[in-house]
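# Coordinate analysis (summary)
As a plain string of letters, each chain reads:
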Amino acid sequence: MAANGAVENIGARRLVTVIERVLEETSFKASDLSGQTLTFDGEMVRDKVGDLAKNADLSRFIL
């Protein structure tokens, strides 16, 4: 596998982790939220995934 493909796979897995964190509570309550419009703003996303960003070694993504 080329290095580019490996980086893309890692990025995709991390994106899935972020989306799971953001949507976890909403998914659990989805049947109770039928017909409602939900807004996911930056503050809410930071609250849900802030610990991931603090622990990430971002130097691995700088080429």
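Up top is the structure.
A few points on the structure.

Thresholds applied
Residues numbered from 1 in each chain as written. Predicted model: local features only at pLDDT ≥ 70, side-chain atom pairs only at ≥ 80, totals over all residues. Heavy atoms only, no water. Helix = DSSP H or I, 4+ residues; strand = E, 2+ residues; numbered from the N terminus. Buried < 20%, exposed > 50% of the residue type's maximum accessible area, 1.4 Å probe, protein only. Areas by Shrake-Rupley, 256 points an atom, 1.4 Å probe, with all protein chains shown as cover. Salt bridge = Lys/Arg side-chain N within 4 Å of Asp/Glu carboxyl O. Patch = residues over 30% accessible without salt bridge, like charges linked within 9 Å, V, L, I, M, F, W, Y side chains within 5 Å. Contact = heavy atoms within 4.5 Å.

A separate point is the overall build of the protein. Counting secondary structure elements, the protein contains two helices and zero strands. For the protein, the proportion of its 63 residues judged to be buried stands at 5%. Total accessible area on the protein stands at roughly 5500 Å², and carbon and sulfur atoms take up 57% of it.

In the structure shown here, the tally under the stated rule is three salt bridges. When the shortest N-O distance is used, the salt bridge between Arg 21 and Asp 51 registers 2.9 Å. Residue Arg 21 is located in helix 1 (residues 3–28), and its partner Asp 51 is located in helix 2 (residues 42–55); the two are separated by 30 residues in the primary sequence. Look at Arg 21 and you get partly exposed, because its relative accessible area is 30%. A salt bridge links Glu 25 to Lys 48; the nearest nitrogen and oxygen atoms lie 3.0 Å apart. You can see Glu 25 sitting in helix 1 and its partner Lys 48 sitting in helix 2, a full 23 residues away along the chain. Each member of the salt-bridge network shares a partner with another, and the members are Glu 25, Lys 29 and Lys 48.

On the surface, a cluster of nonpolar side chains totalling about 410 Å² of accessible area is made up of Leu 15, Ile 19, Leu 23, Leu 38 and Phe 40. Position of Leu 38 relative to the elements: it lies in the loop between helix 1 and helix 2.

A few words on the environment of Val 18. Tracing the sequence through the fold places Val 18 in helix 1. Assessed through its relative accessible area of 30%, Val 18 is described here as partly exposed. Discounting residues that sit within four places of it in the chain, Val 18 has contacts with Val 49 and Leu 52.

Structurally, Phe 40 is set in the loop between helix 1 and helix 2. Note on Phe 40: relative accessible area 34%, which makes it partly exposed. Residues Phe 40 and Val 22, spaced 18 residues apart in sequence, show a C-alpha to C-alpha distance of 8.3 Å.

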